[in-house]
Amino acid sequence: QIRAGVNQSEKASTSISNTDYWLITQIRCELLEKTAASVDVDLQIRLPGKTWRTVVNTECAESHDGVIEFKPYLIVYPDSDVRLVGRANANGKAVSGSIHGVLLN
């Protein structure tokens, strides 16, 4: 649920309808504080009736953002779920993640 006037959620996940395809063009992650920590981020996809599968992994730290460009684009099939999952090397670290793409129906 997103508050009125806010266009961002507190999660990096979505579900694709049973009639759409999603062409993922890029994923990004960014550590939101000045610290020596790092965060491993997995892009995971769950096909209908299956378990979560890690498709690609990236890392972000104070010195660099994690960015992966998909060329060719990564195809997410109808009725699938997509998410970013992060693991920090220290407790209490804030990270931002995003998945960019084009929705086709």
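The structure this text deals with has already been given above.
Residues numbered from 1 in each chain as written. Predicted model: local features only at pLDDT ≥ 70, side-chain atom pairs only at ≥ 80, totals over all residues. Heavy atoms only, no water.

### Side note on the sheet that holds strand β3 (residues 38-46)
The test is simple: Two strands are counted as paired when DSSP detects at least two bridges linking them. For helices the rule is a DSSP run of H or I covering at least 4 residues; for strands it is a run of E covering at least 2, with both sets numbered from the N terminus onward. Comment: axis = line fitted to C-alpha atoms, over the contacting stretch for helices; angle = value between 0 and 180 degrees taken between N-to-C directions.
Pairing is antiparallel across the open sheet formed by four strands, whose spatial order is β1-β6-β3-β4. Edge positions in the open sheet fall to β1 (13-15) and β4 (53-61), since each of these has one partner strand only. Strand after strand, the sheet turns through a mean of 20 degrees between neighbouring axes, direction not considered. As paired elements, β3 and strand β6 (residues 81-88) share eight bridges and run antiparallel to each other. Bridge pairing links I45 to V82 in β6.

### Quick word on the environment of C60
This is how the line gets drawn: Think of it in three bands: with a 1.4 Å probe and only protein chains considered, a residue is buried below 20% of the maximum accessible area for its type, exposed above 50%, and partly exposed in between.
Positionally, C60 belongs in strand β4. Look at C60 and you get buried, because its relative accessible area is 0%. Counting along the chain gives 43 residues from C60 to S17, while the straight-line C-alpha distance between them is 30 Å.

### Here's the deal with the sheet that holds strand β5 (residues 66-76)
The three strands lie next to each other as β5-β2-β7, forming an open sheet whose pairing is antiparallel. Edge positions in the sheet fall to β5 and β7 (95-104), since each has one partner strand and no second. Neighbour to neighbour, the strand axes of the sheet diverge by 15 degrees on average, direction disregarded. Sheet topology places strand β2 (residues 21-31) next to β5; seven bridges connect them, and they run antiparallel. For W22, the partnering residue across the bridge sits in β5 and is V76.

### Section: the packing of aromatic side chains
To keep things clear, this is the line we draw: Pairing of aromatic side chains requires ring centres within 6.5 Å, counting the rings of Phe and Tyr and the six-membered ring of Trp. Pairs whose planes differ by under 30 degrees are stacked, by over 60 edge-to-face, and all others tilted.
With the rule as written, the count across this model stands at one aromatic pair. With a centroid separation of 5.8 Å and an interplanar angle of 70 degrees, the aromatic rings of Y21 and Y77 are classed as edge-to-face. Within this pair, whereas Y21 is found in strand β2, its partner Y77 is found in the loop between β5 and β6, the two being separated by 56 residues in sequence. On the basis of relative accessible area, Y77 is assigned to the partly exposed category, the value being 44%.

### A few points about the pairing of β2
Here is the key point about a regular strand: its side chains alternate between the two faces of the sheet. For β2, the buried fraction is high: eight of the 11 residues fall into the buried class. Here β2 pairs with β7 via 10 bridges, running antiparallel. When the bridges of β7 are listed, Y21 appears paired with L104.

### Some points on the pairing of β4
Note: β3 against β4, eight bridges, orientation antiparallel. The partner of D40 across the bridge, within β4, is E59. Counting the residues that bridge the hairpin from β3 to β4 gives six residues, and of these G49 lies at a positive phi of roughly 75 degrees.

Taken by themselves, the reported measurements are silent on function.
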